[in-house]
Amino acid sequence: MPELPEVEALAGYLRERAVGRRVDRVEVAAINALKTYDPAPTAVSGRAVVDARRHGKFLDVIFDGDLHLVVHLARAGWLHYREAFPATTPLRPGKGPIALRVRLDDGSGFDLTEAGTQKKLAAYLVTDPAQVPGVAKLGPDALDADLATFAERLRSRRGQVKGVLTDQAVLCGVGNAYSDEILHAAKLSPFAITDRLTDDQLATLHAATRTVLGDAVRRSAGHRAAELKGEKRSGLKVHARTGLPCPVCGDTVREVSFADSSLQYCPTCQTGGKPLADRRLSRLVR
Ligand SMILES: [Zn+2]
């Protein structure tokens, strides 16, 4: 799932490659992906791309006349920039992974794609990003928040730090992958309760958040959009590395179920060597 660093890189790539180009046309192949109907997709035709920004994990492509294409890529969505499209034939609705295509006046453009059968990618055409419900409720940006803001936000929501750190209303931009990495870097148990964290622990967590996200943004910058996913994987120390050695201490990275997914952590680095109990599993056994 694309998180802050990947979306930031996609926005950076669009700023470099698409700004100044005019839209030839927008084609919507997955009707359900486009969550707005007014303005219509045809309203974008003829407008120039003037900027690309990020709001949390949302990508915002801005056209002249204050029109915004705001996209949440969900779990399996991605943006593929094409230097050229194979043919001028329009997309066939409902076929394949392409949800939406934006053709630009130099023959290039981009496809918003979504793999798999669960279709969660959401695109909104709005005159103000705040009209997108998910954007309106975003907390401060996880990469920009200073220590005071960071600590205040985390303490405002009592719960397991893994869940609070990924709650977009608390702080935005961090998802399942980077929260595993941040908690590992901060040597903190994912199940630690936020309102019991000491000032020192919060300062460490804040520093880890900036380091992990900042490093990932730097690694992604300059890469072509299509190469970014592999780049993300190569930088991870615990996330999606169950059974592999922790690169810091050599202990085996473990996995435990969390919310509707699972999280990965290093027992030696994060939980005093003690494996976390899988609550769902123990409930079944009982
Ligand atoms: Zn370790």
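Residues numbered from 1 in each chain as written. Predicted model: local features only at pLDDT ≥ 70, side-chain atom pairs only at ≥ 80, totals over all residues. Heavy atoms only, no water.

Each helix and strand counted, the protein has 9 helices and 10 strands in total. Radius of gyration (C-alpha) of the protein: 20 Å, near the 19 Å computed for a compact globule of 286 residues. Residues classed as buried in the protein amount to 50% of the 286 residues present. Taking as baseline every contact in the protein between residues at least 6 positions apart, the subset at least 24 positions apart corresponds to 65%. (Helix = DSSP H or I, 4+ residues; strand = E, 2+ residues; numbered from the N terminus. Rg over C-alpha atoms; globule rule 2.2 N^0.38 Å. Buried < 20%, exposed > 50% of the residue type's maximum accessible area, 1.4 Å probe, protein only. Contact = heavy atoms within 4.5 Å.)

What follows covers the pairing of strand β2 (residues 49–55). A regular strand places its side chains on the two faces of the sheet in alternate fashion. In terms of strand pairing, β2 meets strand β3 (residues 58–63) through 6 bridges, oriented antiparallel. The residue bridging V49 from the neighbouring strand is F63, located in β3. Between the end of β2 and the start of β3, which pair antiparallel, lie 2 residues, with G56 showing a positive phi angle near 60°. (Pairing = 2+ DSSP bridges.)

All right, on to the pairing of strand β8 (residues 122–126) then. Counting buried residues along β8, 5 of its 5 residues qualify, which places the element largely inside the surrounding structure. Here strand β4 (residues 67–72) runs beside β8; their pairing, made up of 5 bridges, is antiparallel. Counterpart to V71 in the pairing with β8 is A123.

Reference values for angles at a metal are 109.5 degrees in the four-donor tetrahedral case and 90 or 180 degrees in the six-donor octahedral case. Distances from the zinc ion to its protein donors, C246 (SG), C249 (SG), C266 (SG) and C269 (SG), fall at 2.2 to 2.3 Å. Around the zinc ion, the 4 donor atoms are arranged such that angles at the metal cover 96 to 115°; this shape is classified as tetrahedral. Taken in chain order, the donor set of the zinc ion reads C-x2-C-x16-C-x2-C. Taken together, the positions of C249 in the loop between α7 (228–234) and β9 (254–258) and C269 in helix α8 (residues 267–270) put the pair 20 residues apart, joining distant regions of the chain. Using a relative accessible area of 35% as the deciding quantity, one classes C249 as partly exposed. (Donors = N, O, S within 2.8 Å, 3.2 Å for Na, K, Ca; no water. Tetrahedral: all angles 85-135°; square planar, octahedral: opposite > 155°, others 65-115°.)

What follows deals with the sheet that holds strand β6 (residues 98–104). Pairing is antiparallel in the open sheet, where 4 strands are placed in the order β1-β6-β7-β5. Each edge of the open sheet is held by one strand with a lone partner, namely β1 (23–28) and β5 (77–82). Taken over all neighbouring pairs, the strand axes of this sheet differ in orientation by 15° on average, direction set aside. Helix α1 (residues 4–17) rests against β5 and β7 (109–114) of the sheet, and its axis sits at about 20° to β5. (Axes fitted to C-alpha atoms, helices over the stretch in contact; angles between N-to-C directions.)

As a further point, take the environment of T113. Within the secondary structure layout, T113 lies in strand β7. In the structure, T113 is positioned 100 residues away from Y13 in sequence and 17 Å away in space, judged by C-alpha atoms. Leave out the neighbours within four places in its chain, and T113 touches A76, G77, W78, H80, P97, I98, A99 and L121. A polar atom in the side chain of T113 sits 3.4 Å from the side chain of H80. (Polar contact = N/O pair within 3.5 Å; in protein donor to acceptor, adjacent residues only side chain to side chain.)

We now examine the packing of helix α3 (residues 147–156) against helix α6 (residues 199–220). When two helices pack together, their arrangement is given by the angle between the helix axes and by the axis-to-axis distance. The interhelical angle for the contact between α3 and α6, taken along N-to-C directions, is 110°, at an axis separation of 10 Å. The angle between the axes of α3 and α6 places the two elements in the roughly perpendicular class. With respect to the hand of their crossing, α3 and α6 are arranged in right-handed fashion. Contacts between α3 and α6 involve L147, F150, A151, L154 and R155 from the first element and D199, L202, A203, L205, H206 and T209 from the second. Classifying every residue of the contact of α3 with α6 by side-chain character gives 7 nonpolar, 2 polar and 2 charged. (Parallel < 35°, antiparallel > 145°, perpendicular 65-115°, else oblique. Left-handed = near helix turned anticlockwise from the far one by under 90°. Nonpolar A, V, L, I, M, F, W, Y, C, P; charged D, E, K, R; others polar.)

With antiparallel pairing, the 4 strands of this open sheet are ordered in space as β2-β3-β4-β8. Where the open sheet ends on each side, the last strands, each with one partner, are β2 and β8. Geometrically, the sheet is characterised by an average inter-axis angle of 15° between neighbouring strands, direction not taken into account. Of the pairings in the sheet, the one linking β3 to β4 comprises 6 bridges and is antiparallel in character. Bridging across to β4, V61 finds its partner in L69. Packing of α1 onto the sheet brings it into contact with β2 and β3, and relative to β2 it is tilted by some 175°.

Turning next to α6. Counted at 1.5 Å a residue, the expected span for α6 with its 22 residues is 32 Å, and the 31 Å between its end C-alpha atoms agrees. Residues L202, L205, H206, A208, T209, V212, L213, G214, A216, V217 and S220 constitute the buried set of α6. (Expected span 1.5 Å × (residues − 1).)

Let us now look at the nonpolar core. Counting 32 residues, the largest nonpolar core has L14, V61, F63, L69, V102 and F110 as the members making the most contacts within it. Per element, the largest residue contribution to this core is 5 residues, and it comes from α1. In this structure, L14 is in contact with V19, A52, L59, V61, L79, Y81 and F110, ignoring residues within four places of it in sequence. Membership of the second largest hydrophobic core comes to 27 residues, among which are F150, A151, L154 and L213. (Core = buried A, V, L, I, M, F, W, Y, C linked by side-chain atoms within 4.5 Å.)

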